[in-house]
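If you want the building blocks of each chain, they are given just below.
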Amino acid sequence: MNILLAGASGQLGQELLPLLNRLGTVTAVDQVPGVAGSEVMDLSGLDEVEILLQRLHPKIIVNAAAYTAVDQAETEARKAFRLNAELPACLARWCGKNHCLLLHYSTDYVFRGKTGQPYLEEDMPGPLSVYGETKLAGEWALGASRCRHVILRTSWVYSGHGNNFVTSMLRLARQRSELSIVNDQTGCPTWARNLANASLAVLQNLINHAEDPALQGIFHYCDGGVVSWYDFADLIFEQAAELKLLHEIPRLRSIRSTEYPQAARRPEYSVLDTTLIQRSFGIRPAELGPSLRACLQELLP
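Residues numbered from 1 in each chain as written. Predicted model: local features only at pLDDT ≥ 70, side-chain atom pairs only at ≥ 80, totals over all residues. Heavy atoms only, no water.

(A) Region of the structure containing helix 9 (residues 288-297). Every buried residue of helix 9 is accounted for by Leu288, Ser291, Leu292, Cys295 and Leu296. The arc enclosing the buried residues of helix 9, seen along the axis, measures out at 130°, which places them on a common side. (Buried < 20%, exposed > 50% of the residue type's maximum accessible area, 1.4 Å probe, protein only. Helix = DSSP H or I, 4+ residues; strand = E, 2+ residues; numbered from the N terminus. Arc of directions from axis to C-beta.)

(B) View of helix 7 (residues 229-242). With 14 residues, helix 7 should cover 20 Å at 1.5 Å per step; its first-to-last C-alpha distance of 20 Å lies within 8% of that length. Listing the buried residues of helix 7 in full gives Trp229, Phe232, Ala233, Ile236, Phe237, Gln239 and Ala240. In an axial view of helix 7, the angular spread of the buried residues amounts to 170°, which keeps them on one side of the axis. The secondary structure elements touched by the buried residues of helix 7 are strand 7 (157-158), helix 5 (165-173), strand 8 (178-182), strand 12 (227-228), strand 13 (251-255) and helix 9. (Expected span 1.5 Å × (residues − 1). Contact = heavy atoms within 4.5 Å.)

(C) Spotlight on the packing of aromatic side chains. Inspection of every chain in the model, using the stated rule, returns seven aromatic pairs. Ring geometry for Phe165 versus Trp229: centroids 4.7 Å apart, planes at 45°, classification tilted. On the criterion of sequence distance, the pair formed by Phe165 in helix 5 and Trp229 in helix 7 is long-range, its members being 64 residues apart. Judged on exposure class, the residue Phe165 and its partner Trp229 are both buried. Taking 5.4 Å as the distance between ring centres and 20° as the angle between the ring planes, the aromatic pair formed by Phe165 and Phe232 counts as stacked. In this pair, Phe165 sits in helix 5 while Phe232 sits in helix 7, placing the two residues 67 residues apart along the sequence. (Phe/Tyr/Trp six-rings, centres within 6.5 Å; stacked < 30°, edge-to-face > 60°.)

(D) Up close: empty space enclosed by the protein. Considering all chains together, one arrives at one cavity of 30 Å³ or more under this definition. Quantified by volume, the largest cavity comes out at close to 40 Å³. Lining the largest cavity are Leu4, Ala6, Val29, Leu43, Val49, Leu52, Leu87 and Leu91. Contributions of two or more residues to the lining of the largest cavity are made by strand 1 (2-6), helix 2 (46-56) and helix 3 (77-98). (1 Å grid on protein atoms, 1.4 Å probe; cavity = no way out; pocket = protein on both sides within 12 Å on 5 of 7 lines; lining within 4 Å. Points joined across faces, edges and corners; volume = space filled by probe spheres on them.)

(E) Region of the structure containing the nonpolar core. The biggest cluster of nonpolar side chains holds 60 residues, and the ones touching the most others in it are Leu43, Ile61, Met169, Phe232, Ile236 and Phe237. Beyond its immediate sequence surroundings of up to four residues, Leu43 is in contact with Ala6, Gly7, Val29, Asp30, Gln31, Val49, Ala65, Leu83 and Leu87. One finds Ile3, Leu12, Leu16 and Ile277 within the second-largest nonpolar core, a separate group that totals 32 residues. (Core = buried A, V, L, I, M, F, W, Y, C linked by side-chain atoms within 4.5 Å.)

(F) Region of the structure containing the pairing of strand 5 (residues 101-107). With seven of seven residues buried, strand 5 is to be regarded as a mostly interior element. As for the winding sense of the linkage, the β-α-β connection from strand 4 (residues 60-63) through helix 3 to strand 5 is right-handed. Strand direction decides the pairing type here: strand 5 and strand 6 (residues 149-154), joined by six bridges, are parallel. Residue Thr107 lies in a different strand from strand 6, and its bridge partner there is Thr154. (Right-handed = clockwise from strand over helix to strand, strands pointing away. Pairing = 2+ DSSP bridges.)

(G) Summary view of the side chain of Thr190. Along the chain, Thr190 falls in strand 10 (residues 190-191). At a separation of 3.3 Å, a polar atom in the side chain of Thr190 contacts the main-chain carbonyl oxygen of Cys188. Setting aside anything within four residues of it in sequence, one finds Thr190 in contact with Thr154, Ser155, Trp156, Val157, Tyr158, Leu195, Tyr221, Cys222 and Asp223. (Polar contact = N/O pair within 3.5 Å; in protein donor to acceptor, adjacent residues only side chain to side chain.)

Shown next as C-alpha coordinates:
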(Lines give C-alpha, C1' and ligand atoms only; values in the text may rest on other atoms or scores of the structure.)
Protein backbone atom coordinates (compact mmCIF):
# COMPACT_ATOMS: atom_id res chain seq x y z
CA MET A 1 0.00 0.00 0.00
CA ASN A 2 1.42 3.36 -1.06
CA ILE A 3 1.43 6.06 1.63
CA LEU A 4 2.36 9.72 1.19
CA LEU A 5 3.71 11.60 4.21
CA ALA A 6 3.80 15.38 3.70
CA GLY A 7 5.83 17.37 6.20
CA ALA A 8 8.29 14.57 6.92
CA SER A 9 11.03 16.84 8.29
CA GLY A 10 8.93 18.44 11.04
CA GLN A 11 8.88 17.22 14.62
CA LEU A 12 5.68 15.24 14.04
CA GLY A 13 6.73 13.99 10.60
CA GLN A 14 9.97 12.55 11.98
CA GLU A 15 7.99 10.58 14.54
CA LEU A 16 5.40 9.44 12.00
CA LEU A 17 7.76 8.05 9.39
CA PRO A 18 8.96 4.88 11.20
CA LEU A 19 5.41 4.10 12.28
CA LEU A 20 3.91 4.51 8.82
CA ASN A 21 6.51 2.11 7.44
CA ARG A 22 4.61 -0.60 9.31
CA LEU A 23 1.56 0.02 7.13
CA GLY A 24 3.07 0.14 3.66
CA THR A 25 5.54 1.81 1.33
CA VAL A 26 6.01 5.41 2.41
CA THR A 27 7.05 8.33 0.23
CA ALA A 28 8.15 11.18 2.49
CA VAL A 29 8.20 14.75 1.20
CA ASP A 30 8.83 18.18 2.68
CA GLN A 31 9.87 21.68 1.71
CA VAL A 32 13.25 21.34 3.42
CA PRO A 33 15.68 18.43 3.61
CA GLY A 34 15.78 16.59 6.92
CA VAL A 35 14.72 12.97 6.82
CA ALA A 36 17.01 10.58 4.98
CA GLY A 37 15.39 9.44 1.74
CA SER A 38 12.70 12.13 1.74
CA GLU A 39 11.93 14.17 -1.38
CA VAL A 40 12.29 17.94 -1.26
CA MET A 41 9.54 19.84 -3.04
CA ASP A 42 7.53 23.05 -2.78
CA LEU A 43 4.34 21.93 -1.06
CA SER A 44 2.78 25.32 -1.75
CA GLY A 45 3.12 24.57 -5.48
CA LEU A 46 -0.19 22.79 -5.92
CA ASP A 47 0.43 21.81 -9.54
CA GLU A 48 3.61 20.07 -8.44
CA VAL A 49 1.71 18.35 -5.63
CA GLU A 50 -0.92 17.04 -8.06
CA ILE A 51 1.80 15.67 -10.35
CA LEU A 52 3.29 13.84 -7.35
CA LEU A 53 -0.10 12.39 -6.43
CA GLN A 54 -0.71 11.14 -9.94
CA ARG A 55 2.72 9.53 -9.96
CA LEU A 56 2.37 7.80 -6.58
CA HIS A 57 -1.36 7.10 -6.46
CA PRO A 58 -1.28 6.66 -2.65
CA LYS A 59 -4.06 4.91 -0.74
CA ILE A 60 -3.29 6.95 2.40
CA ILE A 61 -2.07 10.54 2.71
CA VAL A 62 -0.83 11.83 6.06
CA ASN A 63 -0.53 15.61 5.96
CA ALA A 64 1.78 16.81 8.71
CA ALA A 65 2.89 19.80 6.64
CA ALA A 66 1.91 23.19 8.00
CA TYR A 67 2.92 26.80 8.37
CA THR A 68 3.41 26.99 12.15
CA ALA A 69 5.19 30.30 12.74
CA VAL A 70 2.29 31.77 14.69
CA ASP A 71 3.58 35.35 15.00
CA GLN A 72 5.16 35.48 11.55
CA ALA A 73 1.86 34.43 10.01
CA GLU A 74 0.43 37.83 10.95
CA THR A 75 2.57 39.38 8.21
CA GLU A 76 2.77 36.32 5.95
CA ALA A 77 -0.91 35.45 5.76
CA ARG A 78 -0.72 34.40 2.10
CA LYS A 79 2.06 31.88 2.75
CA ALA A 80 0.25 30.53 5.81
CA PHE A 81 -3.04 30.19 3.90
CA ARG A 82 -1.30 28.41 1.05
CA LEU A 83 0.10 25.66 3.28
CA ASN A 84 -2.59 25.48 5.95
CA ALA A 85 -5.70 25.77 3.79
CA GLU A 86 -5.00 25.42 0.06
CA LEU A 87 -2.68 22.40 0.37
CA PRO A 88 -5.20 20.39 2.46
CA ALA A 89 -7.96 21.40 0.02
CA CYS A 90 -5.86 20.14 -2.89
CA LEU A 91 -5.14 16.84 -1.12
CA ALA A 92 -8.82 16.43 -0.21
CA ARG A 93 -9.97 16.98 -3.78
CA TRP A 94 -7.58 14.34 -5.07
CA CYS A 95 -8.51 11.90 -2.29
CA GLY A 96 -12.20 12.31 -3.05
CA LYS A 97 -11.68 11.44 -6.70
CA ASN A 98 -9.30 8.55 -6.06
CA HIS A 99 -10.72 6.77 -3.00
CA CYS A 100 -7.76 7.75 -0.83
CA LEU A 101 -7.82 8.19 2.94
CA LEU A 102 -6.55 11.52 4.32
CA LEU A 103 -5.23 12.13 7.84
CA HIS A 104 -4.71 15.82 8.62
CA TYR A 105 -3.75 17.85 11.71
CA SER A 106 -5.16 21.02 13.20
CA THR A 107 -4.72 23.06 16.34
CA ASP A 108 -6.26 24.29 19.56
CA TYR A 109 -5.68 27.80 18.20
CA VAL A 110 -8.91 27.53 16.19
CA PHE A 111 -10.67 28.39 19.49
CA ARG A 112 -10.97 31.74 21.26
CA GLY A 113 -10.05 30.27 24.63
CA LYS A 114 -12.61 32.17 26.70
CA THR A 115 -14.83 29.37 28.04
CA GLY A 116 -12.62 27.99 30.81
CA GLN A 117 -13.85 24.50 29.87
CA PRO A 118 -12.21 21.82 27.70
CA TYR A 119 -13.30 22.21 24.11
CA LEU A 120 -15.39 19.56 22.37
CA GLU A 121 -15.01 18.83 18.66
CA GLU A 122 -18.34 20.46 17.85
CA ASP A 123 -17.75 23.65 19.85
CA MET A 124 -17.83 26.90 17.90
CA PRO A 125 -14.36 27.94 16.70
CA GLY A 126 -13.21 31.53 16.84
CA PRO A 127 -9.52 31.92 16.06
CA LEU A 128 -7.68 34.96 17.37
CA SER A 129 -4.77 34.82 14.93
CA VAL A 130 -4.04 34.45 11.23
CA TYR A 131 -2.46 31.09 11.99
CA GLY A 132 -5.65 29.89 13.66
CA GLU A 133 -7.78 31.25 10.81
CA THR A 134 -5.74 29.41 8.18
CA LYS A 135 -5.85 26.14 10.11
CA LEU A 136 -9.62 26.49 10.48
CA ALA A 137 -9.90 27.11 6.74
CA GLY A 138 -8.05 23.84 6.20
CA GLU A 139 -10.56 22.05 8.41
CA TRP A 140 -13.46 23.54 6.45
CA ALA A 141 -11.89 22.46 3.16
CA LEU A 142 -11.73 18.84 4.29
CA GLY A 143 -15.23 19.00 5.75
CA ALA A 144 -16.62 20.26 2.44
CA SER A 145 -14.84 17.55 0.45
CA ARG A 146 -16.12 14.10 -0.38
CA CYS A 147 -12.98 12.36 0.77
CA ARG A 148 -12.75 9.99 3.71
CA HIS A 149 -10.72 11.88 6.26
CA VAL A 150 -9.82 12.36 9.90
CA ILE A 151 -8.60 15.65 11.35
CA LEU A 152 -6.67 15.41 14.62
CA ARG A 153 -6.73 18.66 16.53
CA THR A 154 -3.84 18.82 18.96
CA SER A 155 -2.02 21.33 21.15
CA TRP A 156 1.37 22.59 22.31
CA VAL A 157 3.37 19.94 20.42
CA TYR A 158 6.96 19.41 21.56
CA SER A 159 9.81 16.99 20.91
CA GLY A 160 13.54 16.71 21.41
CA HIS A 161 14.25 18.21 18.00
CA GLY A 162 13.12 21.20 16.02
CA ASN A 163 11.89 24.53 17.32
CA ASN A 164 9.42 24.08 20.19
CA PHE A 165 8.91 25.14 23.79
CA VAL A 166 11.01 22.36 25.32
CA THR A 167 14.06 22.86 23.11
CA SER A 168 13.73 26.64 23.48
CA MET A 169 13.62 26.44 27.28
CA LEU A 170 16.70 24.20 27.39
CA ARG A 171 18.58 26.56 25.07
CA LEU A 172 17.59 29.68 27.01
CA ALA A 173 18.47 28.02 30.32
CA ARG A 174 22.06 27.75 29.13
CA GLN A 175 22.13 31.43 28.19
CA ARG A 176 20.26 33.25 30.96
CA SER A 177 19.96 33.21 34.72
CA GLU A 178 16.33 34.38 34.76
CA LEU A 179 13.40 33.73 32.42
CA SER A 180 9.98 35.41 32.32
CA ILE A 181 7.21 32.98 31.36
CA VAL A 182 3.52 33.74 30.86
CA ASN A 183 1.15 32.21 33.40
CA ASP A 184 -2.25 33.10 31.90
CA GLN A 185 -2.34 30.79 28.87
CA THR A 186 -3.42 27.25 29.68
CA GLY A 187 -3.30 24.12 27.52
CA CYS A 188 -2.09 20.54 27.19
CA PRO A 189 1.51 19.94 26.05
CA THR A 190 1.69 16.97 23.66
CA TRP A 191 4.80 14.93 22.87
CA ALA A 192 5.07 14.47 19.10
CA ARG A 193 5.75 10.77 19.60
CA ASN A 194 2.46 10.28 21.45
CA LEU A 195 0.61 12.12 18.69
CA ALA A 196 2.32 9.89 16.11
CA ASN A 197 1.32 6.76 18.05
CA ALA A 198 -2.26 8.00 18.23
CA SER A 199 -2.15 8.64 14.49
CA LEU A 200 -1.04 5.07 13.82
CA ALA A 201 -3.87 3.73 15.97
CA VAL A 202 -6.37 5.91 14.07
CA LEU A 203 -5.11 4.68 10.71
CA GLN A 204 -5.19 1.04 11.78
CA ASN A 205 -8.80 1.47 12.92
CA LEU A 206 -9.73 3.16 9.66
CA ILE A 207 -8.15 0.37 7.62
CA ASN A 208 -9.87 -2.34 9.67
CA HIS A 209 -13.27 -0.58 9.75
CA ALA A 210 -13.35 1.02 6.33
CA GLU A 211 -17.14 1.21 6.18
CA ASP A 212 -17.76 2.81 9.57
CA PRO A 213 -19.02 6.39 8.96
CA ALA A 214 -18.51 7.29 12.63
CA LEU A 215 -14.76 7.05 12.20
CA GLN A 216 -14.48 10.27 10.21
CA GLY A 217 -14.25 13.97 10.86
CA ILE A 218 -12.61 15.91 13.67
CA PHE A 219 -11.17 14.29 16.79
CA HIS A 220 -9.13 15.83 19.60
CA TYR A 221 -5.86 14.31 20.75
CA CYS A 222 -3.56 15.88 23.31
CA ASP A 223 -1.62 14.42 26.19
CA GLY A 224 -3.13 14.46 29.67
CA GLY A 225 -1.94 17.32 31.89
CA VAL A 226 -3.38 20.84 32.03
CA VAL A 227 -0.74 23.51 32.66
CA SER A 228 0.21 27.09 31.92
CA TRP A 229 3.38 27.87 30.00
CA TYR A 230 4.92 28.86 33.35
CA ASP A 231 3.96 25.49 34.88
CA PHE A 232 5.33 23.68 31.85
CA ALA A 233 8.65 25.52 32.02
CA ASP A 234 8.91 24.73 35.74
CA LEU A 235 8.35 21.02 35.04
CA ILE A 236 10.89 21.02 32.21
CA PHE A 237 13.57 22.47 34.46
CA GLU A 238 12.67 20.21 37.37
CA GLN A 239 13.05 17.10 35.24
CA ALA A 240 16.10 18.43 33.35
CA ALA A 241 17.83 19.00 36.70
CA GLU A 242 16.98 15.50 37.92
CA LEU A 243 18.37 14.04 34.69
CA LYS A 244 21.42 16.35 34.89
CA LEU A 245 20.69 17.80 31.47
CA LEU A 246 21.31 21.26 32.93
CA HIS A 247 23.99 22.35 35.39
CA GLU A 248 22.20 25.58 36.33
CA ILE A 249 18.47 26.18 36.50
CA PRO A 250 17.32 29.73 35.75
CA ARG A 251 15.01 31.60 38.06
CA LEU A 252 11.49 31.75 36.69
CA ARG A 253 9.39 34.90 36.84
CA SER A 254 5.65 34.55 36.30
CA ILE A 255 4.20 37.23 34.03
CA ARG A 256 0.93 38.07 32.25
CA SER A 257 0.60 37.87 28.47
CA THR A 258 0.32 41.66 28.37
CA GLU A 259 3.88 41.83 29.73
CA TYR A 260 5.17 39.73 26.82
CA PRO A 261 3.73 41.33 23.68
CA GLN A 262 3.55 39.10 20.61
CA ALA A 263 2.26 39.79 17.11
CA ALA A 264 -0.43 37.09 17.32
CA ARG A 265 -3.00 36.72 20.09
CA ARG A 266 -3.18 33.33 21.82
CA PRO A 267 -6.20 31.70 23.48
CA GLU A 268 -6.19 31.93 27.26
CA TYR A 269 -7.62 28.43 27.79
CA SER A 270 -7.39 25.96 24.90
CA VAL A 271 -7.61 22.58 26.63
CA LEU A 272 -9.09 19.95 24.28
CA ASP A 273 -11.57 17.34 25.47
CA THR A 274 -10.39 13.90 24.27
CA THR A 275 -13.46 11.87 25.22
CA LEU A 276 -14.49 11.27 21.60
CA ILE A 277 -11.19 9.80 20.43
CA GLN A 278 -11.09 7.57 23.51
CA ARG A 279 -14.60 6.32 22.81
CA SER A 280 -14.26 5.98 19.03
CA PHE A 281 -10.73 4.63 18.69
CA GLY A 282 -9.86 3.37 22.16
CA ILE A 283 -6.95 5.83 22.38
CA ARG A 284 -6.08 6.88 25.90
CA PRO A 285 -3.98 10.07 26.13
CA ALA A 286 -0.51 9.68 27.60
CA GLU A 287 0.37 11.65 30.72
CA LEU A 288 2.51 14.78 30.62
CA GLY A 289 5.07 13.94 33.32
CA PRO A 290 6.29 10.55 32.04
CA SER A 291 6.12 11.72 28.43
CA LEU A 292 8.25 14.78 29.06
CA ARG A 293 10.77 12.69 31.00
CA ALA A 294 11.02 10.18 28.16
CA CYS A 295 11.55 13.02 25.69
CA LEU A 296 14.28 14.60 27.83
CA GLN A 297 16.00 11.25 28.41
CA GLU A 298 16.58 10.99 24.68
CA LEU A 299 18.61 14.20 24.86
CA LEU A 300 21.09 12.75 27.35
CA PRO A 301 24.62 12.40 25.93
